[in-house]
Amino acid sequence: MRQKNISHLQPRPVVAVSGRPNVGKSTLFNRITRTKDALVDNFPGVTRDRHYGDASWNDRDFVLIDTGGMHFDKNDTFSESIFAQACRALEDADAVIHLLDGKAGLSPFDADIIRMLRQIQKPVFYAVNKVDGHGQEGRMDDFHTLGMDRLYPVSAEHGYGVHDLLDSLTAGFDETGETPGPDLQSDGTEIRRIAVAGRPNVGKSSLINRILGEDRLIVSDSPGTTRDSIDSLRRINKIPYLLVDTAGIRRKKKVSQKLEKFSVIKSLKSLDRCDIALIMIDASEGMTDQDVTVAGYAHDRGCGCVFLLNKWDKVEKDRHTLKKYYEEVKTAAKFLSFAPIMTISALTGLRALKIFPLVEEVYAQYSSRVGTGPLNRILGQAIEKNEPSLTRGRRIKFYYATQISSRPPLFVCFVNYPGAVHFSYKRYLMNQIRAGAGLDKTPIRLIFRQRPNRKRPRNPKLGGKPGRKS
Ligand code: GDP
Ligand code: GDP
């Protein structure tokens, strides 16, 4: 059999926060995701709307989306049609928190919105925000007339009621276990998880069909049997590749939904499950804002990335064309400047299978481990060459660094004042690690931590680092 479908890692559930402007969506979003955002490597100089974030409650991880940032209309005016659009987007979420404004009271729109939400086949949790304490529960009274089974009083600003809401929300989610390691084939080879990402019409399904050959994936459309995500496994050069969420991409062919909207949630879900993202761009149209958005998601999810400039057959070329395109991609998506770029044609097959040797290069770096010795030598030399300047009058001392995980490589560096390391110096150190450890094609992460407490005596048996728990 050339290809088989296997179910894979469930994506983390996606929870959308909906509600009219000013009800407190972003305040709630910040409260729930705050502690988790620290690891996201904000790329300085690039401002992107960050309206989704990682969250965790009762050992259950999920992704939270603030639909305030999903409105396609940039101006703030609320209209039913915008909300209807947002509702369609909500279909891809696993659960919805709908916020109502307890301070402003019932709005004429609320009943309409709730009628729309009732058509969504997902659990919806209705919360009345701005109930800032027990004394204010009267703010819920009007909302009971809307007829929901349960209303949660919350204060996004002060935290009141948020625990109960999150308990109910996450009760239905599976507990998050250990971060799964790579899946192994029976011969011990790791399966590389690949997502083909991109806005509609860039050629995703053409590429997937080409990779998978003519063996069409059979997707049953009868109710109860369709799955959200069906992955396809294919060996190329004897290496197993799992193309995640191929069903969603291929299925639309049948239904011929050329009007398909770009789905933020679907993109996030597949990028959440992959090691390497193939970010497809329609070269005949050039790099658009939406392409940059997709690239931004892939970056935020920590995927290894390869840009594919598709439809190269359509592009009129001279000797400067390639360079011009590379520059365009690098400029628009500076935050992914390490991602290799390749021109292909999914239609003619030009270089379509050459993608995989490049994926292998990225994957090798993405899953690599740098020994503590070499890492500290690289950093030691980097610091010697270019000492950090005083930050807020403080001299930063670097103690030691170590890699704590891979896929992508995450390094922790122990210092005296973690908060005082300037982002430009952090960038410098990251570039030095890239150059010194041969990690020029993968995302890497570097975090600074306070050196463990020195007061605790060393444990001679462990020969351990000062302060390590014995
Ligand atoms: P969004 O437009 O739905 O994202 O709303 P925001 O989160 O920007 O909040 C709108 C306004 O409501 C801001 O001035 C917040 O400070 C305020 N607000 C949000 N949550 C609460 C709350 O729990 N209590 C009170 N009293 N005000 C809140
Ligand atoms: P998707 O929406 O990203 O899955 O895009 P499709 O694979 O459905 O492709 C959209 C359109 O672009 C179709 O008409 C394809 O035939 C066409 N297309 C895809 N790849 C290429 C290519 O490499 N060259 C040319 N000329 N057309 C392409």
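Procedures and definitions
- Residues numbered from 1 in each chain as written.
- Chains lettered and ligands numbered in written order.
- Predicted model: local features only at pLDDT ≥ 70, side-chain atom pairs only at ≥ 80, totals over all residues.
- Heavy atoms only, no water.
- UniProt positions renumbered as here; feature names shortened; annotations may be inferred.
- Helix = DSSP H or I, 4+ residues; strand = E, 2+ residues; numbered from the N terminus.
- Buried < 20%, exposed > 50% of the residue type's maximum accessible area, 1.4 Å probe, protein only.
- Polar contact = N/O pair within 3.5 Å; in protein donor to acceptor, adjacent residues only side chain to side chain.
- Arc of directions from axis to C-beta.
- Pairing = 2+ DSSP bridges.
- Axes fitted to C-alpha atoms, helices over the stretch in contact; angles between N-to-C directions.
- pLDDT = per-residue confidence, 0-100.
- Contact = heavy atoms within 4.5 Å.
- Near = heavy atom within 4 Å.
- Nonpolar A, V, L, I, M, F, W, Y, C, P; charged D, E, K, R; others polar.
- Salt bridge = Lys/Arg side-chain N within 4 Å of Asp/Glu carboxyl O.

With an unreviewed UniProt entry as reference, the chain is termed GTPase Der, source organism uncultured Desulfobacteraceae bacterium. Per its UniProt entry, the chain bears the Function (unreviewed entry) comment "GTPase that plays an essential role in the late steps of ribosome biogenesis." Quoted verbatim from the Sequence similarities (unreviewed entry) field of UniProt, the annotation for the chain is "Belongs to the TRAFAC class TrmE-Era-EngA-EngB-Septin-like GTPase superfamily. EngA (Der) GTPase family."

With respect to the helices, strands and loops of the structure, Ser345 is situated in the loop between strand E13 (341-343) and helix H11 (355-366). By relative accessible area, which is 0% here, Ser345 ends up buried. A polar contact of 3.0 Å, which involves the side chain of Ser345, links it to the backbone nitrogen of Thr348.

Residues of helix H3 (residues 110-118) that are buried include every one of Asp110, Ile113, Ile114, Met116 and Leu117, and no others. Considered in projection along H3, the buried side chains sweep an arc of 155° and stay on one side of the axis.

If you walk across this open sheet you meet the six strands as E3-E4-E2-E5-E6-E7, and the pairing is mixed. Here the strands that pair on one side only, and so sit at the sheet edges, are strand E3 (52-57) and strand E7 (151-153). The sheet shows a mean angle of 30° between the axes of neighbouring strands, direction not considered. One ladder, built from three bridges, connects strand E6 (residues 124-129) with E7; its direction is parallel.

So, on to the confidence of the model for the chain. The pLDDT averaged across the chain works out to 81; a share of 77% of its residues lies at or above 70. Low pLDDT, under 50, characterises residues 1-8; the stretch is placed with 24 contacts to residues that sit more than four places away or in other chains.

Glancing now at the site of ligand 1. Taken together, 15 residues lie near ligand 1, and Asn22, Lys25, Thr27, Asp132 and Glu157 sit nearest. At 2.7 Å from an oxygen atom of ligand 1 is found a main-chain nitrogen or oxygen belonging to Asn22. Within the side chain of Ser155, an N or O atom sits 3.1 Å from an oxygen atom of ligand 1. Here the shell around ligand 1 is composed, by residue class, of three nonpolar, six polar and six charged.

Let us now look at the pattern of salt bridges. Inspection of the entire model under this criterion finds 19 salt bridges. A salt bridge links Asp272 to Arg301; the nearest nitrogen and oxygen atoms lie 3.3 Å apart. Of this pair, Asp272 sits in helix H8 (residues 264-272) while Arg301 sits in the loop between helix H9 (289-300) and strand E12 (304-310), and the two are 29 residues apart along the sequence. A salt bridge links Arg395 to Glu387; the nearest nitrogen and oxygen atoms lie 3.9 Å apart. Owing to a relative accessible area of 52%, Glu387 belongs among the exposed residues under this scheme. Each of the salt bridges in this network shares a partner with another, and the network as a whole consists of Arg12, Asp54, Asp272 and Arg301.

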